[in-house]
Every structure is written in C-alpha cells, then in structure tokens.
Amino acid sequence: MILSLSKDTVQVLKETDVVFLRNRVKEVAVKIKMGLVNQTRLLTAASELVRNMMRYANGGVCMIEVVSSGRMNGVRLTFSDSGPGIPDIAAAMRDGFSTGRSLGLGLPGTKRLVNEFDIKSKVGEGTVVTILKWANG
Amino acid sequence: MDKIPILRMGAFLLVTIQVDLYDRLALNLEADLVQMVNKTNAKGVLIDISAVSIVDSFMGRIIGNIASMSKILDAETVVVGMQPAVAITLIELGLPLKGVHTALDMEKGMNLLRSMIDVDDENEDLESEENDFITE
C-alpha cells in the first residue's frame, strides 16, 4: 500500500522550466533524506523523461509526490503529455531504439535508474510515465 | 541567455561548468568550444564538471561530441572532476563515455593533456629558460 503524502505539479513548457523542475524534485528528495546517489539517479531519470516530453510532445505536466509505504519513503513523479503517443512501447523500451536522432537510452536507461517504472501511451492522445524512487532503494 | 565562459591558457582551453546545464546551453557550449579550438589553434580542451550534479544521456552525448569534434581538429579533450554519483548514474544509464579522457582533478587533467600532446618548440624554449634561471 503506497500512500501519497504531498502533491505538487509543475508545468513544463520551455527549456528553462526543466531546470526549475529538477530543482523542485531535488528539494523534495532532500526533504525525505534521500542519499546523494539516489538523488542523482532520480534527477537524471527526471531529466530524461522531461526531455522526451519537450521533444516529442511540446511539453506537459509533471506531478511530484512524496509517497510512503510503511517505513519507506520515496518520491513518485508522473509525467503526462498530450503528444502523439508511442505506437510501439516494447520497441521504445529497447536500448538503442530512437525515432529522433538520439542515442535511444532515455526510456530503458531511466527504467534502470528507478525502483518502479510504468508507461502508458495511446496514439493520438498522449503518454503518461510514472517513476518511483525509494529514499534507500 | 546564459553562457559558459571558455578560457585560454597557453595551448589549452579551460571550461568550468558552474551552472545547471540545460540542452540549449550544452549545445551552445559545443558550438562555441569547437569554434574556439579552431580559432586559437588549441591542442587541448579541459572541461571541469565538478559542479555538475547530473549528466543525462543528452549531456553525455554532447560531452562525447565535443571530444570527437576536437579530435578531428587535432585537439585532445579531458573531462575532470566528475562526481562519483554522476559516474554511477552514467554507467547505469548505459553511457560509458567511450573515447573521452577523464581525470580526477584539474591538476591531473592538465598533466594528462601535457603527456598526450607533443611538446612544441615554444614550450621547449620556455622550459630551457626556466632551467637557465635555476642554474644561475
């Protein structure tokens, strides 16, 4: 059972919003005493996902939550956009797959950096990616 | 618009990234740096990322690009001061930064650059002058 303790949303529409979002996520991570390496993993994951949102969907919204499950605390981020959606999620999750000219590490790399990763997408409607990082996970 | 300063020191260019990188800033740095290598005939580029708390796949790619671009302009690139947490994250992300030379700090990076680059005539003169001075 995962409880949400606090909730905050950040709109990401332009590139400098990315820095603002990273700072907000960092603040929350510091508040729940997440270790430095996990903070870095979480921030890097957030940075990857927010870039996808900017590049493929012209921006979107990120919800930042502090969550708790018994004695464990963590940060859950939900990135929602109303972009074109991903037709083949299995392909997008493979290392080296990219429809833009990038390295194709974004989604699979992000999954490796966090404890929980969920992606839902509908072509023509948008994509929602949720990640969760436990403070000591 | 933020801009990352590029300092020239002899045959080397020094870049210290003190701000949080975002994509446009990294791309501008890439363009500025490659142009500076060409303009100043630099033989080495030293990039200090000790103040950078995260490097994601895009920034990692830019660092790799700078190294390859400088290489074909006959300059070596050394990245110094990477935080341990950043190194962990880069490897887990799947970005081993192949082809980029790294050193722990500025001093070691400078020594590495010197060892990679043939000492040219100018430097030899300087060194011999220093030696003369000491013997006097």
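Note that the structure is predicted; figures quoted are calculated from it, not measured. (Residues numbered from 1 in each chain as written. Chains lettered and ligands numbered in written order. Predicted model: local features only at pLDDT ≥ 70, side-chain atom pairs only at ≥ 80, totals over all residues.)

A. Spatial organisation of the overall build of chain B. In terms of helices and strands, chain B carries five helices and five strands. Beginning at the N terminus, the succession of helices and strands in chain B can be written as β-β-α-β-α-β-α-β-α-α. Scored against the burial criterion, the 136 residues of chain B give a buried share of 32%. Counting contacts in chain B only where the partners sit at least 6 residues apart, residues at least 24 apart contribute 78% of the total. (Helix = DSSP H or I, 4+ residues; strand = E, 2+ residues; numbered from the N terminus. Buried ≥ 20, exposed ≤ 12 C-beta atoms within 10 Å, placed from the backbone. Contact = placed C-beta atoms within 7 Å.)

B. Focus on helix 1 (residues 23-40) of chain B. All names here are of chain B. In this model helix 1 runs 26 Å from its N-terminal to its C-terminal C-alpha over 18 residues, within 8% of the 26 Å that 1.5 Å per residue would give. Buried within helix 1 are the following residues: L25, A26, L29, L33 and V37. Buried residues of helix 1, viewed axially, fall in a sector of 100°; they line one side. Summarising the geometry of helix 1, the exposed residues directed more than 90 degrees from the buried face are A31, Q35 and K39. On the buried face of helix 1, the contacting elements are strand 1 (6-9), strand 2 (12-16), strand 3 (44-48) and helix 2 (57-72). Positioned one or two residues after helix 1, N41 has a phi angle of 60°, which is positive. (Expected span 1.5 Å × (residues − 1). Arc of directions from axis to C-beta.)

C. Geometry of the interface of chain A and chain B. In this complex, chain A contributes 21 residues to the contact, which on the side of chain B involves 18 residues. Broken down by secondary-structure element, the contributors of at least two residues to the side of chain A that touches chain B are helix 1 (15-31), helix 2 (36-57) and helix 4 (106-113) of chain A. Among the elements that line the side of chain A that touches chain B, the one with the most residues is helix 2 of chain A, at nine residues. For the side of chain A that touches chain B, the per-class residue count stands at eight nonpolar, six polar and seven charged. (Nonpolar A, V, L, I, M, F, W, Y, C, P; charged D, E, K, R; others polar.)

D. Highlighting the pairing of strand 4 (residues 76-80) of chain B. Residues and elements named next belong to chain B. Of all five residues in strand 4, four are buried, a share of seventy percent or more. Judged from the five bridges that link them, strand 3 and strand 4 form a sheet pairing that is parallel. When the bridges of strand 4 are listed, G44 appears paired with E76. For the segment spanning strand 3, helix 2 and strand 4, crossover handedness is right-handed. The pairing of strand 4 with strand 5 (residues 101-103) spans three bridges and is classified as parallel. Each bridged residue has a counterpart across the sheet, and for V79 the counterpart in strand 5 is T102. (Pairing = 2+ DSSP bridges. Right-handed = clockwise from strand over helix to strand, strands pointing away.)

E. Here's a closer look at the packing of helix 4 of chain A against helix 3 (residues 84-93) of chain B. Where helix 4 of chain A meets helix 3 of chain B, the closest approach of the two axes is 8 Å, and the angle between their N-to-C directions is 125°. Between helix 4 of chain A and helix 3 of chain B, the angle falls in the class oblique. Every pair of crossing elements has a handedness; the one defined by helix 4 of chain A and helix 3 of chain B is right-handed. Here helix 4 of chain A contributes G109, R112 and L113 of chain A to the contact with helix 3 of chain B, which in turn contributes T89, E92 and L93 of chain B. (Axes fitted to C-alpha atoms, helices over the stretch in contact; angles between N-to-C directions. Parallel < 35°, antiparallel > 145°, perpendicular 65-115°, else oblique. Left-handed = near helix turned anticlockwise from the far one by under 90°.)

F. How the structure looks around the pairing of strand 1 of chain B. Across four bridges, the pairing between strand 1 of chain B and strand 2 of chain B is antiparallel. Each bridged residue has a counterpart across the sheet, and for L7 of chain B the counterpart in strand 2 of chain B is L14 of chain B.

G. Spotlight on the environment of V15 of chain B. Residues and elements named next belong to chain B. Along the polypeptide, V15 turns up in strand 2. Look at V15 and you get buried, because 20 C-beta atoms sit within 10 Å. Apart from residues lying up to four places away in sequence, V15 is in contact with I4, I6, L33, I47 and D48.

H. Spotlight on the confidence of the model for chain B. Within chain B, residue pLDDT values average 87, and 85% of them lie at 70 or more. Across the interface, the model reports ipTM at 0.87; the global pTM reads 0.87. (pLDDT = per-residue confidence, 0-100.)

I. Structural detail: the sheet that holds strand 5 of chain B. All names here are of chain B. Within the open sheet, the five strands sit side by side as 1-2-3-4-5. Their pairing is mixed. Because the sheet does not close on itself, it has two edges, and the strands there are strand 1 and strand 5. Averaged over neighbouring strand pairs, the angle between their axes works out to 25° when direction is ignored. Docked against the sheet, helix 1 engages strand 1, strand 2 and strand 3, running at close to 160° with respect to strand 2. Running at roughly 165° to strand 4, helix 4 (residues 106-116) makes contact with strand 2, strand 3, strand 4 and strand 5 of the sheet.

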